[in-house]
Amino acid sequence: MTEQNKQTDVVVIGAGAAGLMCAAVAGQRGKRVILIDHASVLAEKIRISGGGRCNFTNLYAGPNNFLSENPHFCKSALARYTPLDFLDLMKTYRIAYHEKHKGQLFCDDSAEQIIQMLKAECEKGQVDIRMNCKVQHVTKVDALFRLQTDQGELTAASVVIATGGLSIPKIGATDFAYRIAKQFAIPIVDPVPALVPLTFDANSWQTFVPLAGISLEVEIETGVKKQRGHFREDLLFTHRGLSGPAVLQISSYWQEGAEIRINLLPDVELGEKLIHEKATSRKNLGNVLASYLPQRLAEGWLQVGGYQADQRVADMQDKTLRALGGSINNWTITPNGSEGYKKAEVTRGGIDTKALSQQTMMVNKVPGLYFIGEAVDVTGWLGGYNFQWAWASGVAAGQAQG
């Protein structure tokens, strides 16, 4: 058969984290695998992640760290390929790593080590990697898929879609997975940006602009009951709104029009502390508040709230002190949106898991067609969880080949 019409066992579309893992596993099972990507370089999202050191997994990754319309869907794949399994693979390549924060694991050296490891795993399975290869059409005739690409036609028994979501378009994100899903009548959960900074109405945020650059640990939450998200992480004030790990985490749970609740002093019941200060201290309000909060935040908060920083706490009414404490322990604010896909680390939503097998990631009504990784409606928290889903779902689909 000529190169222009090559028949193979598996075509994996998308040479990112999930696609590389899937291709390597399928290839090492003896399958003929072609891995294709429209980009010119391999796995750019791995390369830029974690400040170039790749937060490649989280020690504590489990189903509770993921959002999905069906929260049970991810259990099977995550149970069969765990963070410890990925660490075992890294050890064989002698890649050094460290834990940074709350189970988040990073390479000591460079994300490039993870890419080269996955590339080497593909080479072990004799995977044919084709970069700068664009897929123009995918059709299914009887039991075989035909793929028209700008490098010729491919025929395969299985096609795995690992092209991710819409996040970070500057490195090549597209809606390819969703287009294929629509073509084969596979339902989609509406995609939205996730792990993304939140923005606010410019006029209402104007008073907070001077606080840009301030960072502190907070408790943050939004939603109720099963839709409730709650985290304790660092918050960052920006010129346009709020960012930092706390906001990136809560953004995955935030629904348009909903408020977020922030406790800027999670270990202090500030109203009661201020009333105690009133009875025991001769300090002014600005100095007292600056003993609990970063000074610039204390000064800015008093200004925004219309309080006099030089007023003595001893001269203030209890209800005024309680109100000030409440504004800091329970700051309620409503975003008007987010920074969008250009700043979003991942995409929430995607291929509806009801259409897929949780064991193999195959489309139930289209035998031989698989979706893995970020393309699927499984979205992890910040901190290495989304990479663990990429590895686990990639392995599940790879092991399902033959």
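Overview of the structure. (Residues numbered from 1 in each chain as written. Predicted model: local features only at pLDDT ≥ 70, side-chain atom pairs only at ≥ 80, totals over all residues. Heavy atoms only, no water.)

On to the sheet that holds strand 5 (residues 97-101). On the basis of which strands lie adjacent, the open sheet formed by three strands has the order 3-6-5 and antiparallel pairing. The two strands at the open ends of the sheet, each matched to only one other strand, are strand 3 (55-58) and strand 5. Averaged over neighbouring strand pairs, the angle between their axes works out to 35 degrees when direction is ignored. For strand 3 and strand 6 (residues 104-107), the ladder comprises three bridges, and the chain directions are antiparallel. Following the sheet pairing, asparagine 58 is matched in strand 6 by glutamine 104. (Pairing = 2+ DSSP bridges. Helix = DSSP H or I, 4+ residues; strand = E, 2+ residues; numbered from the N terminus. Axes fitted to C-alpha atoms, helices over the stretch in contact; angles between N-to-C directions.)

Axis separation between helix 1 (residues 17-28) and helix 5 (residues 112-124) bottoms out at 7 Å; the angle between their running directions is 25 degrees. By the angle class used here, helix 1 and helix 5 are roughly parallel. Seen from above, helix 1 lies across helix 5 with left-handed handedness. Contacts between helix 1 and helix 5 pair Leu20, Met21, Ala23, Ala24 and Gln28 from the former with Leu118, Glu121, Cys122 and Lys124 from the latter. Classifying every residue of the contact of helix 1 with helix 5 by side-chain character gives six nonpolar, one polar and two charged. (Parallel < 35°, antiparallel > 145°, perpendicular 65-115°, else oblique. Left-handed = near helix turned anticlockwise from the far one by under 90°. Contact = heavy atoms within 4.5 Å. Nonpolar A, V, L, I, M, F, W, Y, C, P; charged D, E, K, R; others polar.)

As a further point, take the pairing of strand 14 (residues 229-237). As paired strands, strand 13 (residues 215-222) and strand 14 are joined by eight bridges and run antiparallel to one another. Directly across from serine 215, in strand 14, lies its bridge partner leucine 236. Note: strand 14 against strand 15 (residues 241-243), two bridges, orientation antiparallel. Considered in strand 15, the bridge of leucine 236 is made with serine 243. Hairpin connection between strand 14 and strand 15: a loop of three residues separates the two successive antiparallel strands.

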